[in-house]
Amino acid sequence: MTNYSPADCEFMARALQLARRGIYTAHPNPRVGCVIVNEGTIVGEGWHQKTGEAHAEINALRNASAAAKSAIVYVTLEPCAHHGKTGPCSEALIKAEISEVVIAMEDPFNEVEGNGLTALKEAGIAVRMGLMRDDAIKLNEGFIFRMMRKRPFVRLKMAASLDGCTAMANGQSQWITGPESRTDVQRLRASSGAVLTGIGTVLADDPSLTVRDKSFANEDMYPLRVILDNKLRMPLSARMLKLPGKTAVFCINDENRAALEDTGASIYLVAERDEKVDFNEVFAKLAELEINDILVEAGHRLAGSLLVSGYVDEFIIYQSPHIMGSQTQGMFSTPVWHNMCQRMQLDIIDVRRVGSDTRITARPLTTSEK
C-alpha cells in the first residue's frame with residue numbers, strides 16, 4: 001500500500017480545492033486541479049476552467065515556469081495522453097522534466113484509461129496513484145457515471161411541505177420553499193449539464209429553466225434545457241425559447257417539428273414505451289451530447305415514472321416547515337406500486353438547513369444498472 005505523508009495530503013487537498021473552481025464551468029470535461037511542488041514549496045497551481053481551454057496541468061506548468069524541473073506534481077485526475085481540443089498533458093509533464101506525479105484517480109475516458117500513467121512511467125517519472133481518490137470521484141461523479149454507464153447521472157429535485165405535498169390539488173405551488181432554497185437550486189442548476197422537465201410543467205408554469213444567479217453561471221454556460229414532450233405540444237410562445245441557452249425536446253410524434261425548430265429548439269424523435277418517450281433512448285442521446293448530470297425539476301407524474309423505472313440516482317428534497325393538508329398533490333405518482341414490498345429504501349447521505357427549510361439528499365440503496 002502506498003504511504004502518503006501529511007505534506008502529500010496537504011498538497012492534494014489544495015489540488016482538489018482548485019478543481020472545485022471548475023464546478024460551474026468545466027462541463028462536460030472533468031473538474032481537475034493541479035499543484036506543483038519543488039523542495040516542499042508550491043511553485044505552480046492550475047485548474048481546468050473551461051472545455052477547449054488549457055487543462056489544469058498546463059496552467060500549473062505555466063504558473064511554475066522553470067521551477068517545475070525536478071518538482072512533484074499533485075493532480076486530481078490522471079493526465080491525458082491523447083490529442084483532443086488540447087495537447088496531451090502527460091507529454092507536457094515529461095517535457096518539463098517533472099520528477100514525480102501523485103494522482104488521485106485514474107481517468108475513465110477510453111482514450112486515456114491508464115495511457116497517461118504508462119507514458120509517464122516509460123519516461124522515467126515516478127507515479128503514485130490513489131491519494132484522496134474518493135474525494136476526486138465525488139467531484140466528478142457525473143463524468144465518471146457517463147463514461148461507465150453511457151448515460152448521465154440523474155438527480156431529482158423536489159420541493160415539498162412537511163406532509164410531503166408539492167402542490168395544491170388545483171396545481172398551485174408557488175412558493176412551497178423559502179428564498180434560500182430557491183437560491184440553492186440555482187447552484188444545482190449551474191453545476192448540472194442539463195435541467196429536465198415534462199411538457200406538463202411547461203404548459204402549467206411556463207418555466208425559464210435558466211440560471212438566474214449570474215455569480216454561478218454566465219449565459220454561455222447555461223445547462224441544456226430538456227423537455228419530454230410525447231406529442232410535441234411545446235408552445236411556440238414558451239418563455240424558454242426566447243431566452244439564452246439551448247432547448248432540446250424529446251418526442252414520439254414529431255409532426256409539428258418544423259415550426260418549433262424555427263425557434264432554435266432541437267427536436268429528437270425517440271422510441272415509444274407505454275405511450276411515452278423511452279427514457280433509455282433519451283438518456284443515451286443526452287450522453288452522446290456529453291451531458292454528465294441532469295437535474296430533474298418535474299411534476300409528480302414524470303417524477304414518479306422516473307422513480308418506478310429506476311432512473312433516479314439521487315434525490316434532493318427541500319422540505320418546508322408547513323402543512324398543506326389533504327387537497328394536494330404528492331411528490332410521486334406511482335400507480336403500479338400497491339404493496340409495502342415495492343417501496344424504495346433510501347440511504348440518507350446529507351441533511352442540512354437551508355434558510356427555514358431542510359434539504360435532504362438521499363440515494364436508492366439498490367443501485368440501478370440502467
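Our subject is the structure that appears above.
Right, let's walk through the structure included here. Counting starts from 1 at the beginning of each chain's written sequence and moves along it residue by residue. For this predicted model, a pLDDT threshold of at least 70 governs which residues receive local features, and a threshold of 80 or more governs which side-chain atom pairs are given and counted, while totals over whole chains, interfaces and linings are taken from all residues. In computing side-chain properties, one takes all heavy atoms of the structure into account and sets aside hydrogens as well as water.

1. A look at the overall build of the protein
Helix and strand labels come from DSSP, where a helix needs a run of H or I of at least four residues and a strand needs a run of E of at least two; each type is numbered from the N terminus. Check the secondary structure of the protein and you find eleven helices and 18 strands. Each radius of gyration reported is based on C-alpha atoms, and the globular scaling rule is 2.2 Å times the count of residues to the power 0.38. Here the protein has a C-alpha radius of gyration of 23 Å; the compact-globule value for 370 residues is 21 Å, and the two agree. Overall, the protein is about 70 × 45 × 40 Å in size when its C-alpha atoms are taken along their principal axes. Buried residues are those whose accessible area, probed at 1.4 Å on protein chains only, stays under 20% of the maximum for their type, while exposed residues exceed 50% and partly exposed ones sit between those limits. When burial is assessed residue by residue, the protein has 50% of its 370 residues classed as buried. Of the charged side chains in the protein, 41 are positive and 46 negative; the average position of the first set lies 4 Å away from that of the second. Under this rule, positive means Lys or Arg and negative means Asp or Glu; His and the chain ends count for nothing. Note that the charge is assigned to NZ on lysines, CZ on arginines, CG on aspartates and CD on glutamates.

2. So, the environment of Thr361
Looking at the secondary structure, you find Thr361 in strand S18 (residues 357-364). Any two residues having at least one pair of non-hydrogen atoms within 4.5 Å are treated as being in contact. Ignoring anything within four residues of it in the chain, the contact list for Thr361 reads Glu314, Phe315, Ile316, Asp347, Ile348, Ile349 and Asp350.

3. Considering the packing of aromatic side chains
For any two aromatic rings, the description comes down to two numbers: the centre-to-centre distance and the angle of the planes. In summary, the pairing rule links any two rings of Phe, Tyr or Trp, Trp by its six-membered ring, whose centres are within 6.5 Å, and it sorts them by plane angle into stacked for under 30 degrees, edge-to-face for over 60 and tilted for everything else. In the structure shown here, the tally under the stated rule is seven aromatic pairs. With centroids separated by 5.0 Å and ring planes inclined at 20°, the aromatic side chains of Phe250 and Tyr268 adopt a geometry described as stacked. Of the two residues, Phe250 is situated in strand S10 (residues 247-251) and Tyr268 in strand S11 (residues 266-269); the sequence distance between them amounts to 18 residues. We classify Phe250 as buried; its relative accessible area is 0%.

4. A short note on the sheet that holds S10
Strand-to-strand pairing in sheets goes through backbone hydrogen bonds, with the strands running parallel or antiparallel. Note on pairing: two strands pair once DSSP finds at least 2 bridges between them. The nine strands are arranged S11-S10-S9-S8-S14-S6-S15-S18-S17 in an open sheet whose pairing can be described as mixed. Strands with a single pairing partner mark the edges of an open sheet, and in this sheet they are S11 and strand S17 (346-354). Across the sheet, the mean angle separating the axes of adjacent strands is 20° when strand polarity is ignored. Helix axes are fitted only over the stretch in contact, all axes being lines through C-alpha atoms; the angle between N-to-C directions runs from 0 to 180 degrees. Its contacts with the sheet place helix H10 (residues 279-288) against strand S6 (153-161), strand S8 (194-198), strand S9 (224-228), S10, S11 and strand S14 (293-296), and it is angled at close to 165° to S9. Running at roughly 110° to S8, helix H11 (residues 300-309) makes contact with S6, S8, S9, S14 and strand S15 (314-320) of the sheet.

5. Regarding the nonpolar core
Formed by 43 residues in total, the largest nonpolar core has its most connected members in Met12, Ile36, Val73, Ile98 and Val101. With residues near it in sequence (within four places) discarded, Ile36 still touches Thr41, Ile42, Val43, Gly44, Ala60, Leu61, Ala64, Ala68, Ala71, Ile72 and Val73. Within the second largest apolar cluster, 30 residues are counted, among which are Leu156, Val270, Val296 and Ile317. To define a nonpolar core, start from buried Ala, Val, Leu, Ile, Met, Phe, Trp, Tyr and Cys residues and group those joined through side-chain atoms within 4.5 Å.

6. Some points on the layout of surface pockets
Reported here for the largest pocket is a volume of approximately 1,400 Å³. Note on definitions: the grid is 1 Å and covers protein atoms alone; a cavity is a set of points where a 1.4 Å probe fits but cannot get out; a pocket is an open set with protein on both sides within 12 Å along at least five of seven lines; lining residues have an atom within 4 Å of a point. Along the wall of the largest pocket there are 45 residues; nearest its centre are Thr201, Asp205, Glu297, Ala298 and Gly299. Where the lining of the largest pocket is concerned, the elements lending two or more residues are S6, strand S7 (165-168), helix H7 (179-190), S8, helix H8 (199-205), strand S13 (276-277) and H11. If you tally residues by element for the lining of the largest pocket, the top one is H8, at five residues. Split by residue class, the lining of the largest pocket holds 16 nonpolar, 16 polar and 13 charged. Grid points are joined across faces, edges and corners, and a volume is the space filled by probe spheres set on the points. Nonpolar residues are Ala, Val, Leu, Ile, Met, Phe, Trp, Tyr, Cys and Pro. Charged residues are Asp, Glu, Lys and Arg, and all others, Gly as well, are polar.

7. A short note on the state of the cysteines
When the sulfur atoms of two cysteines come within 2.5 Å, that pair is taken as a disulfide. Evaluated as defined, the whole model comprises zero disulfides. Cys9 takes part in no disulfide bond, and the closest cysteine sulfur, belonging to Cys34, lies 17 Å away. For the unlinked cysteine Cys80, the closest cysteine sulfur is that of Cys89, found at 3.7 Å.

8. A closer look at the pairing of S10
Working note: regular strand, side chains alternate between the two faces of the sheet. Burial runs high along S10: five of the five residues are buried. Taking every second residue as pointing to the same face, both faces of S10 are buried, with Thr247, Val249 and Cys251 on one and Ala248 and Phe250 on the other. For S10 and S11, the ladder comprises four bridges, and the chain directions are parallel. Counted as the bridge partner of Val249 is Ile267 from S11.

9. Overview of the sheet that holds strand S4 (residues 100-103)
Read across the sheet, five strands follow the order S2-S1-S3-S4-S5 without closing on themselves; strand pairing throughout is mixed. Looking at which strands have only one partner, the edges of the open sheet turn out to be strand S2 (41-47) and strand S5 (126-129). On average, each strand axis in the sheet is inclined to that of its neighbour by 15°, with strand direction left out of account. The pairing of strand S3 (residues 72-75) with S4 spans four bridges and is classified as parallel. Across the sheet, Val75 pairs through a bridge with Ile103, a residue of S4. Each of strand S1 (33-38), S2 and S3 is contacted by helix H2 (residues 56-64), which is oriented at about 140° to S2, the strand it contacts most. Sitting on the sheet, helix H4 (residues 115-122) touches S4 and S5, and the angle it makes with S5 is about 150°.

10. Looking at the environment of Glu275
Inspection of the secondary structure puts Glu275 in the loop between strand S12 (272-273) and S13. In the structure, Glu275 is positioned 23 residues away from Ile252 in sequence and 8.2 Å away in space, judged by C-alpha atoms. Beyond its immediate chain neighbours, meaning those up to four positions away, Glu275 contacts Asn230 and Ile252.

11. Observations regarding H2
Counting buried residues along H2, seven of its nine residues qualify, which places the element largely inside the surrounding structure. Of all the positions in H2, only Ala56, Glu57, Ile58, Asn59, Ala60, Leu61 and Ala64 are classed as buried. Elements that come into contact with the buried residues of H2 comprise S1, S2, S3 and helix H3 (89-95). Directly after H2, the chain includes Ser65, whose backbone phi takes a positive value near 55°.

Geometric descriptors of this kind do not, in isolation, establish any biological role.
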